[in-house]
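One letter stands for each residue in the lines below.
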Amino acid sequence: MQKGIVIRAIGGYYFVQTEQGQVYQCLLRGKLKRQHQRILVGDWVHARPTSSSEGVIEEVLPRRLELSRPPVANLDILVVVNSVVHPSVNLVLLDRILLAARQQGLRCILCWNKVDLEQEDPQLSGYIQAYLQQGYDCVRTSALTGEGIDRLIELLSGSMAVLTGDSGVGKSALLNRVLGQTVQEEGDISQRLKRGRHTTREVVLYPLGNGGFIADTPGFTRMPLVGVEPVVLEDFFFREYFSGCYYSDCRHRNEPECAVKEAVAKGDIPSWRYDNYLFLLDELVDSQEGQWK
Ligand code: GDP
Ligand code: ZN
């Protein structure tokens, strides 16, 4: 019996890569089939080889985490890709993804891509500084020149990762760079293809050679903020400040003696962070109508 990870599932076959790096094309053992056991890419299994390239999955090991979009199990890391120019940095989307990931207990790595195109954006280093301070790993990359790719791969060592971010930021280009082969179309034509096949595509995991895996399907592209508690939002944006507000239920909007607004006025909290907070707060209030106005 060998322990392995399901890297691809297609037509009732499961491709299982063992810890030794060998890939077996497996069927499900009858008993598991009868139990209607659903197997996802990313699941760890025990497989029994029946030949040098085929085998049978005998047991599915307990799943730590399960996502539906994309359908993967046991994800460790979300690589949130932003483009520093064309399209420009989208910080609201970034914060939205970081919050959703936090709800799921997922670690995030922030990738600032297309730095080869950067034209002295005075804001960029400030953005990166703020997220570093929040404890996020940040890496400046160029899928074109290869800058930062080694560091990105290093950060993914031993983990299973999915790329996410706005359309056109370079997710496909980065994936191809990281893997050193073209597994996904890049550019304008591919944007249409990607939209068309979004919901139906199977997910394939690619090994990174350092115990890590990366999925070829971007995740978390549409990300409404549901079920986020006010305190999670506050904690995410203003951890060191919000306990200093006069009102314990301060929303940091119009309340007097608000430590957050004071910090914004002094420049301790960047105004763009505060604006993002207000934007997402409004969205939460709208989505939870009446629950916390
Ligand atoms: P996706 O929608 O996030 O998968 O974005 P793509 O990978 O398809 O990239 C969108 C466009 O940006 C393509 O034309 C890529 O060639 C280009 N691109 C991606 N990464 C970089 C980069 O680091 N530098 C430059 N100059 N262009 C890039
Ligand atoms: Zn306040």
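What you see is a predicted model; the values in this text were computed from it and never measured. (Residues numbered from 1 in each chain as written. Chains lettered and ligands numbered in written order. Predicted model: local features only at pLDDT ≥ 70, side-chain atom pairs only at ≥ 80, totals over all residues. Heavy atoms only, no water.)

(A) Representation of unusual backbone geometry within the structure. His86 connects to Pro87 through a cis peptide bond whose omega is -10°. Assignment of secondary structure puts Pro87 in the loop between strand 8 (77-83) and helix 2 (91-104). Unlike most non-glycine residues, His86 shows phi in positive territory, near 50°. Position of His86 among the secondary structure elements: in the loop between strand 8 and helix 2. Of note, the phi angle at His252 is positive, near 65°, even though the residue is not glycine. Mapping His252 onto the fold places it in the loop between helix 7 (230-238) and helix 8 (259-266). (Helix = DSSP H or I, 4+ residues; strand = E, 2+ residues; numbered from the N terminus.)

(B) Layout of the coordination of the zinc ion (ligand 2). Looking at the zinc ion (ligand 2), the protein donor atoms are Cys245 (SG), Cys250 (SG), His252 (ND1) and Cys258 (SG), and they sit 2.0 to 2.4 Å from it. Taken together, the 4 donor atoms coordinating the zinc ion (ligand 2) span angles of 101 to 116° at the metal, a pattern that classifies the geometry as tetrahedral. Of note, the zinc ion (ligand 2) draws all its donor residues from one chain, in the sequence arrangement C-x4-C-x1-H-x5-C. In this structure, Cys245 and Cys250 share a single accessibility class: buried. (Donors = N, O, S within 2.8 Å, 3.2 Å for Na, K, Ca; no water. Tetrahedral: all angles 85-135°; square planar, octahedral: opposite > 155°, others 65-115°. Buried < 20%, exposed > 50% of the residue type's maximum accessible area, 1.4 Å probe, protein only.)

(C) Representation of helix 2 within the structure. Its 14 residues place the ends of helix 2 20 Å apart at the C-alpha level, agreeing with the 20 Å of an ideal helix rising 1.5 Å per residue. For helix 2, the elements touching its buried residues are strand 8, strand 9 (107-113), helix 3 (124-133), strand 11 (160-164), helix 7 and helix 9 (271-287). The backbone nitrogen of Val92 lies 3.4 Å from a side-chain oxygen of the residue at the head of helix 2, namely Asn90. Note on helix 2: the residue one or two positions beyond its end, Gly105, has a positive phi of about 75°. (Expected span 1.5 Å × (residues − 1). Contact = heavy atoms within 4.5 Å. Polar contact = N/O pair within 3.5 Å; in protein donor to acceptor, adjacent residues only side chain to side chain.)

(D) Molecular detail of the domain arrangement of the protein. For the protein, the assigned domains read domain 1 (2-60), domain 2 (66-216) and domain 3 (230-291). The C-alpha-based centres of domain 1 and domain 3 are spaced at 48 Å. (Domains from an automatic or database assignment.)

(E) Broad picture of the environment of Arg239. Looking at the secondary structure, you find Arg239 in the loop between helix 7 and helix 8. Once you skip the residues sitting within four places of it in the chain, Arg239 turns out to touch Arg102 and Glu234. A polar contact of 2.9 Å, which involves the side chain of Arg239, links it to the side chain of Asp235.

(F) Focus on the packing of aromatic side chains. Under the criterion given, the structure shown has 10 aromatic pairs. Taken together, a centroid distance of 6.4 Å and an interplanar angle of 45° make the contact between Phe238 and Tyr274 tilted. Placement of Phe238 in helix 7 and of Tyr274 in helix 9 is noted, with a sequence separation of 36 residues between them. Look at Tyr274 and you get buried, because its relative accessible area is 11%. Where Tyr274 meets Tyr277, the ring centres are 6.4 Å apart and the plane angle is 25°; that geometry is what we call stacked. Here Tyr277 and Tyr274 lie together in helix 9, a separation of 3 residues that amounts to about one turn. The class of Tyr277 is buried, set by a relative accessible area of 1%. Members of the aromatic cluster, connected to one another through ring pairs, are Phe236, Phe237, Phe238, Tyr274 and Tyr277. (Phe/Tyr/Trp six-rings, centres within 6.5 Å; stacked < 30°, edge-to-face > 60°.)

(G) Fine view of the sheet that holds strand 3 (residues 23-28). Strand order in the closed barrel formed by 5 strands is 1-2-3-5-4, with mixed pairing between adjacent strands. If you compare each strand with its neighbour and ignore which way they point, the axes differ by 55° on average. (Pairing = 2+ DSSP bridges. Axes fitted to C-alpha atoms, helices over the stretch in contact; angles between N-to-C directions.)

(H) Spotlight on the environment of Asn74. By secondary structure assignment, the location of Asn74 is in the loop between strand 7 (72-73) and strand 8. Expressed as a C-alpha distance, the spacing of Asn74 and Pro62, which sit 12 residues apart in the sequence, is 9.5 Å. Asn74 has contacts with Gly42, Asp43, Trp44, Arg63, Arg64, Leu65 and Met160, leaving out every residue within four places of it along the chain. A polar contact of 2.9 Å, which involves the side chain of Asn74, links it to the backbone oxygen of Gly42.

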